[in-house]
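Observations on the three-dimensional arrangement
Each chain is listed here by its residues.
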Amino acid sequence: MEVVYFDWLDYLVFGAMLLLSALIGVYFAFFAKRKQNTTSEYLMGGKTMGMFPISMSLIASYVSGISLLGLPSEMYTYGTQLWAIVLSEWIVSVTIAIVYLPVFYNLQITSTYEYLRLRFNQNVRLLGSIIFIIKMMLYIPIVIYVPALAFSQVTGINLHLITPIVCIVCIFYTTLGGIKAVVWTDTLQTILMYFGVIFVLVYGTCRLGGINEVFRINQEGDRLDFFNMDPDPTIRHTFWTTVVGNYFSWLASCSVNQAMVQRCLALSSLKRARITIFIMAAGIYVIVSLCCYTGLVIYATFATCDPLTTGAIRKSDQLLPYFVMTITGSVPALPGIFMSGVFSAALSSMSTGLNSMCGVIFEDLIRPAYNKPISEKTASFIMKVIVVVIGATCVALVFLVEHMGALIQAGKSLAGITAGSLLGLFTMGLFLPWINATGALAGGTTSTLLVGWISLGTQAAMLRGDIVIVPKPVSVSGCEGNFTLPTTTHSSVEFDRSGTFFMYRLSYLYYTFIGMTVCIITGAIVSYFTQPNNPAMVHRDLLTPVIHRFLPPQSPNCTRPRLTQHDIEIHAREMEHLCTQAAFMLYERLAAFDANNGNFDEDLPPVFSRRFRLDQIPSSTNKQDLARSDNTNNTE
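If you tally the helices and strands in the protein, you get 23 helices and zero strands. A total of 636 residues make up the protein; the buried ones form 57% of that total. Working note: accessible area of the protein is about 26,800 Å², and carbon and sulfur atoms make up 64% of it.

This is the structure we're talking about:
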């Protein structure tokens, strides 16, 4: 098939998406009623964000270009077993809403890792923040690489020329507009993402003759594989790895992730935050299923002429862009809409990462290092500089991503290095009150080093050829010209990896579970030998409500870690009542002085002169209520 490249209409659609994203950042920076010049506005949106934009932002943040390109490629190359990951996403949402979110919302923290300071100490908070920064610095370059790869496929332009353009636009609106710009651009980009994917798969399905025909061709090609129940943990994808293993991976990505917590706390109530999480789960379920089905459509289209074998593409991750340009390229503006969707997914993930990293670096690393308070103007400037610096660093790291394997496995493997230790740290803090700070430090460090060794060792073994992931069979029988299939491509026998170290052979979907388990076990052992905490002395606000009933009574000497939002409101009402009560009592005393001996008035300070009258008490004060409260407290 002849490859079709972008025409002027496609460039126009794509350019309009980038321009709108940039204009949203300009609007919130210069024209919105509430400027993004305070830490509360820049990081939390002043806690006035609505559920719809927050939900769309979360969907866009977690469904990156890695999913849009990687999932169809996975279905085409290895079959549909990975599709089962959608089953665990609903369970994760319930877990977040019941176990994790109530604690974070009650504490009202700007940085998720501030919890680690409240529960353990500053050193554990620093460890958690550094692990998170490492995680995002490994993740964002892959997110940038994905749209650049796709754009290179549909335009012929070198991807390393495209990468800086993507990042400059993203850094621009993230720097200027803060979280409000990020959230609203995410909303725009989510709509484009859905529209692009649905348009492409509907057109492809109709062209093939319907959904039944798509599944028939995939059944004949041995692509439909949903219930591989083999419990062997070294098999890359089984039902257990995709459901159980992905549960912990997804839980780490959502429950203790700065991006998730930051957006949920931008809402006005816990109930609205919980609703938002379930909307996000539904949205992700739909988009992941659409992406997986798109992979089936691509295979049905190229079942008799594999583009990777013929040399039409270099990597399997280019399958979707190739499909769009060869099959739908004749439809005006459709390639442009599709590329806008892919870029939208990438831009939203990158902007979310930059904004959340900015919050963590500023709140956990920079602010504690200052010996004096930082003004809001200075804080706003520092956060914008942080976004620019980490964005530029991520651009430089893209060159390393090009040499990695399949996007889905590369992304999950690198994320697993830090996800398990972070999930372990927070889980210990929320569920195990006897774990102390020393145990948390030891557990987090050991877990990160162990899973990092496994993940990087596995990547190295794959590059050496010690580990080969055997793809499903393909065909070139319907291609024009003579092509010969490589002998390894047809192999249906699992590659013998018995000579490779066992830990390197583990499925990458278990990395988070391994990291979390090692973190908790190490933390428990170290805490046992270094004077564990007394559970009665750990405040209940720092523990998940799920375990409160199983704990001993809280000690009266246990101090609250910090004022919760509920306490702040109660204390504010109490202070208002005390102030108005004091004002009324002062009025009564001055009135008595004035009635008994007018000369007393001259000895009082000017502020207490007899010119003080009842009408000087604020009009919002109820005088009758004050009189009643004064009668009950009049002891002098």
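Let us keep going from here.
Here helix 18 (residues 437–464) crosses helix 20 (residues 511–529) at 150°, and the two axes come no closer than 7 Å. When the axis of helix 18 is compared with that of helix 20, the two are roughly antiparallel. As for the relative orientation of helix 18 and helix 20, their crossing is right-handed in sense. Mapping the contact onto sequence places Thr-438, Gly-439, Ala-442, Gly-443, Gly-444, Thr-446, Ser-447, Leu-450, Val-451, Ile-454, Ser-455 and Thr-458 in helix 18 and Tyr-511, Gly-515, Met-516, Val-518, Cys-519, Thr-522, Gly-523, Val-526 and Ser-527 in helix 20. A class-by-class count of the residues in the contact of helix 18 with helix 20 yields nine nonpolar, 12 polar and no charged.

Time to look at the state of the cysteines. By the definition in use, this model includes zero disulfides. Left without a disulfide partner, Cys-291 is nearest to the cysteine sulfur of Cys-292, which lies 6.9 Å away. A relative accessible area of 2% means that Cys-291 is categorised as buried.

Our next topic: the side chain of Ser-88. You can see Ser-88 is positioned in helix 5 (residues 85–107). The exposure class of Ser-88 is buried, given its relative accessible area of 1%. Ignoring any residue separated from it by four or fewer positions in sequence, one finds Ser-88 in contact with Thr-242, Val-243, Asn-246 and Tyr-247.

For the rest of this paragraph, the subject is the packing of aromatic side chains. Under the counting rule described, the total for this entry stands at 18 aromatic pairs. An angle of 35° between the planes, with centres 6.1 Å apart, marks the rings of Phe-215 and Tyr-293 as tilted. Here Tyr-293 lies in helix 12 (residues 270–301) and Phe-215 lies in helix 9 (residues 211–220), a separation of 78 residues in the sequence. For Tyr-293, a relative accessible area of 10% gives the class buried. Cluster of aromatic residues (ring-pair linked, three or more members): Phe-104, Tyr-113, Tyr-115, Phe-132 and Phe-426. For Arg-223, the ring lying beneath its charged end belongs to Tyr-76, and the centroid distance is 5.8 Å.

Attention shifts here to the confidence of the model for the protein. The predicted model of the protein has a mean per-residue pLDDT of 76, with 79% of residues at 70 or higher. Segment residues 487–496: pLDDT under 50, and 15 contacts once partners within four positions in sequence are set aside and those in other chains are kept. This model gives residues 599–636 a pLDDT under 50, and the stretch forms 38 contacts once residues within four places in sequence are excluded.

Interhelical geometry of helix 5 versus helix 10 (residues 239–254) gives an angle of 35° and a closest axis separation of 8 Å. Of the two possible hands of crossing, helix 5 and helix 10 adopt the one that is right-handed. Packed against helix 5, whose contacting residues are Ile-85, Leu-87, Ser-88, Glu-89, Ile-91, Val-92, Thr-95, Ile-96 and Tyr-100, the element helix 10 presents Phe-239, Thr-242, Val-243, Asn-246, Tyr-247, Trp-250, Leu-251 and Cys-254 at the interface. When the residues that make up the contact of helix 5 with helix 10 are grouped by side-chain class, the tally is 12 nonpolar, four polar and one charged.

In this model, helix 5 (23 residues) spans 32 Å end to end at C-alpha, consistent with the 33 Å of a helix rising 1.5 Å per residue. The principal kink in helix 5, of about 50°, is found at Leu-101, preceding the proline Pro-102 by one to four residues. For helix 5, a buried count of 17 out of 23 residues is recorded, marking the element as mostly surrounded by other parts of the structure. Two residues or fewer after helix 5 comes Gln-108, characterised by a positive phi angle close to 55°.

A few words on unusual backbone geometry. One non-glycine residue, Asp-222, adopts positive backbone phi at about 65°. Structurally, Asp-222 is set in the loop between helix 9 and helix 10. The class for Asp-222 is partly exposed, based on a relative accessible area of 43%. Look at Gln-531: it is not a glycine, yet its phi comes out positive at around 60°. Its location among the elements puts Gln-531 in the loop between helix 20 and helix 21 (565–596).

Another point: the environment of Gln-189. Relative to the elements of secondary structure, Gln-189 occurs in helix 8 (residues 159–208). When neighbours within four sequence positions are excluded, Gln-189 is seen to be in contact with Ser-21, Tyr-173, Ser-344, Leu-347 and Ser-348.

Before going further, it helps to spend a moment on helix 3 (residues 51–62). For helix 3, spanning 12 residues, the distance from its first C-alpha to its last is 17 Å, which sits close to the expected 16 Å at 1.5 Å a residue. Burial analysis of helix 3 places 10 of its 12 residues in the buried class, the great majority of the element. Along helix 3, the residues classified as buried are Pro-53, Ile-54, Ser-55, Met-56, Ser-57, Leu-58, Ile-59, Ala-60, Ser-61 and Tyr-62.

With respect to the element layout, Ile-171 can be found in helix 8. Between the alpha carbons of Ile-171 and Asn-355 there is a distance of 9.6 Å; along the sequence they are 184 residues apart. When residues no more than four places from it in sequence are discounted, the contact partners of Ile-171 are Met-350, Leu-354, Val-387, Val-388, Gly-391 and Ala-392.

Now for the nonpolar core. Formed by 160 residues in total, the largest nonpolar core has its most connected members in Tyr-115, Met-260, Ile-287, Phe-323, Met-339 and Met-350. Per element, the largest residue contribution to this core is 18 residues, and it comes from helix 7 (residues 122–155). If we ignore the near neighbours within four places in the chain, the residues touching Phe-323 are Val-200, Gly-204, Val-297, Ile-298, Thr-301, Phe-302 and Thr-328.

So, how was this worked out
- Residues numbered from 1 in each chain as written.
- Predicted model: local features only at pLDDT ≥ 70, side-chain atom pairs only at ≥ 80, totals over all residues.
- Heavy atoms only, no water.
- Helix = DSSP H or I, 4+ residues; strand = E, 2+ residues; numbered from the N terminus.
- Buried < 20%, exposed > 50% of the residue type's maximum accessible area, 1.4 Å probe, protein only.
- Areas by Shrake-Rupley, 256 points an atom, 1.4 Å probe, with all protein chains shown as cover.
- Axes fitted to C-alpha atoms, helices over the stretch in contact; angles between N-to-C directions.
- Parallel < 35°, antiparallel > 145°, perpendicular 65-115°, else oblique.
- Left-handed = near helix turned anticlockwise from the far one by under 90°.
- Contact = heavy atoms within 4.5 Å.
- Nonpolar A, V, L, I, M, F, W, Y, C, P; charged D, E, K, R; others polar.
- Disulfide = S-S within 2.5 Å.
- Phe/Tyr/Trp six-rings, centres within 6.5 Å; stacked < 30°, edge-to-face > 60°.
- Lys NZ or Arg CZ within 6 Å of the ring centre and 35° of its normal.
- pLDDT = per-residue confidence, 0-100.
- Expected span 1.5 Å × (residues − 1).
- Bend = angle between axes of the 7 residues up to and from the residue.
- Core = buried A, V, L, I, M, F, W, Y, C linked by side-chain atoms within 4.5 Å.

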